[in-house]
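# Fold and contact review
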Amino acid sequence: MENNKDMGESKSMNEKKVLLFYCVECEELARKVAAHSSLFTLQSINWRSFDDGFPNLYINNAHDIRGQHVAFLASFSSPAVIFEQLSVIYNLPRLFVASFTLVLPFFPTGTFERMEEEGDVATAFTMARILSNIPISRGGPTSVVIYDIHALQERFYFGDHVLPLFETGIPLLKQRLHQLPDADKIVVAFPDDGAWKRFHKLLDHFPTVICTKVREGDKRIVRLKEGNPANCHVVIVDDLVQSGGTLIECKKVLFAHGAAKVSAYVTHGVFPKHSWERFTRMSDKGSDEAIAYFWITDSCPNTVKAIENKAPFEVLSLAGSIADALQI
């Protein structure tokens, strides 16, 4: 009994009270994180601009955060907002805080991680270098929390002055799949070998299907490479979606091979130029081959607002996972 009591006391001693700052886009997600525990207290920043458009920023109660554990919830949704957020991110560790954690759920340049020919600029490496130069706080290097970064090798792009923590949204998907009435009929499909390599070990208790892209002339065609989707509810899993073209082609192949129903999950619903609309239009038409469910997380807050209450979309919040990561 004494050991259990000691363990409980030790756990409560290890719990950190965290002051959570956030960018404008992330206010709703920040409030959800704070709702998970009284250990989190939301803090505010005045996000203003000068007449020339450059940021005029003010961190409220800056003196009071000395000696406290501080975190910032960021969303680099466009180049236009990155500079003002970086200005805050670079300033917070210098305010004599006990520790500093940056939560950047979506690492936006992750798909530009390699050079295919001389002259290509790998902007994923650029972004990693920028984040690697966040000042060290009194407590040591900054922790950087990122979800489902596009290419696993990108973890090696970060320098030694930050501690990257790579998390995943897959547990949220698994929890949701187990709630479905046809949970025993679920098959997980990967749109390419890259997605299979990334996620198959996290989903190994589900039967799997692997698609692949093959070149036919000037076109890249999606084909079924492995597995049997017949008479099953097939869930396509990937880290992110942009236009959604690959997902739609994959969906067509799965239905052609006898899938009873097709859904999709991505951690990051980027959807530039409102490309999510092609999925809502399918749903509105009531097509037999529409996506049944399209699950995304709230890593891209602008998308979450845009697809609110629109079938087939459903948001699985990262708030609980972020709350846990901030206690590490």
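Residues numbered from 1 in each chain as written. Predicted model: local features only at pLDDT ≥ 70, side-chain atom pairs only at ≥ 80, totals over all residues. Heavy atoms only, no water.

Right, let's get into the pattern of salt bridges. Within the structure shown, the criterion is met by 8 salt bridges. Asp193 serves as the salt-bridge partner of Lys225, at 3.0 Å between the closest nitrogen and oxygen. You can see Lys225 sitting in strand 11 (residues 219-226) and its partner Asp193 sitting in helix 6 (residues 193-199), a full 32 residues away along the chain. Using a relative accessible area of 46% as the deciding quantity, one classes Lys225 as partly exposed. Take Asp193: its relative accessible area is 28%, and that puts it in the partly exposed class. (Salt bridge = Lys/Arg side-chain N within 4 Å of Asp/Glu carboxyl O. Helix = DSSP H or I, 4+ residues; strand = E, 2+ residues; numbered from the N terminus. Buried < 20%, exposed > 50% of the residue type's maximum accessible area, 1.4 Å probe, protein only.)

Moving on: the domain arrangement of the protein chain. Here the protein chain is partitioned into domain 1 (18-167 + 320-326) and domain 2 (170-297). Between the C-alpha centres of domain 1 and domain 2 there is a distance of 30 Å. Contacts between the two partners involve 9 residues from domain 1 and, on the opposite side, 9 residues from domain 2. Where domain 1 abuts domain 2, roughly 740 Å² becomes buried across the two surfaces, and 56% of that area is made up of carbon and sulfur atoms. It is Phe106, Asp148 and His150 that lose the most area in domain 1 upon contact with domain 2, and together they represent 67% of the buried surface on that side. Taken together, the connections running from domain 1 to domain 2 amount to 1 salt bridge. (Domains from an automatic or database assignment. Contact = heavy atoms within 4.5 Å. Buried area = accessible area lost by both parts, 1.4 Å probe.)

This part covers unusual backbone geometry. In this structure, Pro312 follows Ala311 across a cis peptide bond, with omega equal to 5°. Checked against the element boundaries, Pro312 lands in the loop between helix 9 (301-306) and strand 15 (313-316). A positive phi angle, near 40°, is found at Asp148, a position not held by glycine. Looking at the secondary structure, you find Asp148 in the loop between strand 7 (142-147) and strand 8 (162-167). We note that Asn231 has phi near 65°; this positive angle belongs to a residue other than glycine.

Counting buried residues in strand 12 (residues 233-241) gives 9 out of 9 residues, a clear majority hidden from the surface. By the bridge criterion, 4 bridges tie strand 9 (residues 186-190) to strand 12 in an arrangement that is parallel. Across the sheet, the residue bridging to Ile186 is His233, located in strand 12. Between strand 12 and its parallel partner strand 13 (residues 261-269), the chain crosses via helix 7 (residues 245-256), and the hand of that crossover is right-handed. (Pairing = 2+ DSSP bridges. Right-handed = clockwise from strand over helix to strand, strands pointing away.)

Among the surface-exposed residues, Phe50, Phe54 and Phe83 lie close enough to one another that they form a single nonpolar patch of about 350 Å² accessible area. Given a relative accessible area of 52%, Phe54 falls into the exposed group. (Patch = residues over 30% accessible without salt bridge, like charges linked within 9 Å, V, L, I, M, F, W, Y side chains within 5 Å. Areas by Shrake-Rupley, 256 points an atom, 1.4 Å probe, with all protein chains shown as cover.)

A few words on the environment of Gln85. Along the chain, Gln85 turns up in helix 3 (residues 79-91). When its relative accessible area of 2% is taken as the criterion, Gln85 is described as buried. Residues Gln85 and Ala74 lie 11 residues apart in sequence; the distance between their C-alpha atoms is 7.1 Å. Those residues in contact with Gln85 that lie beyond four places of it in its chain are Cys23, Trp47, Phe72, Ala74, Ser75 and Phe76.

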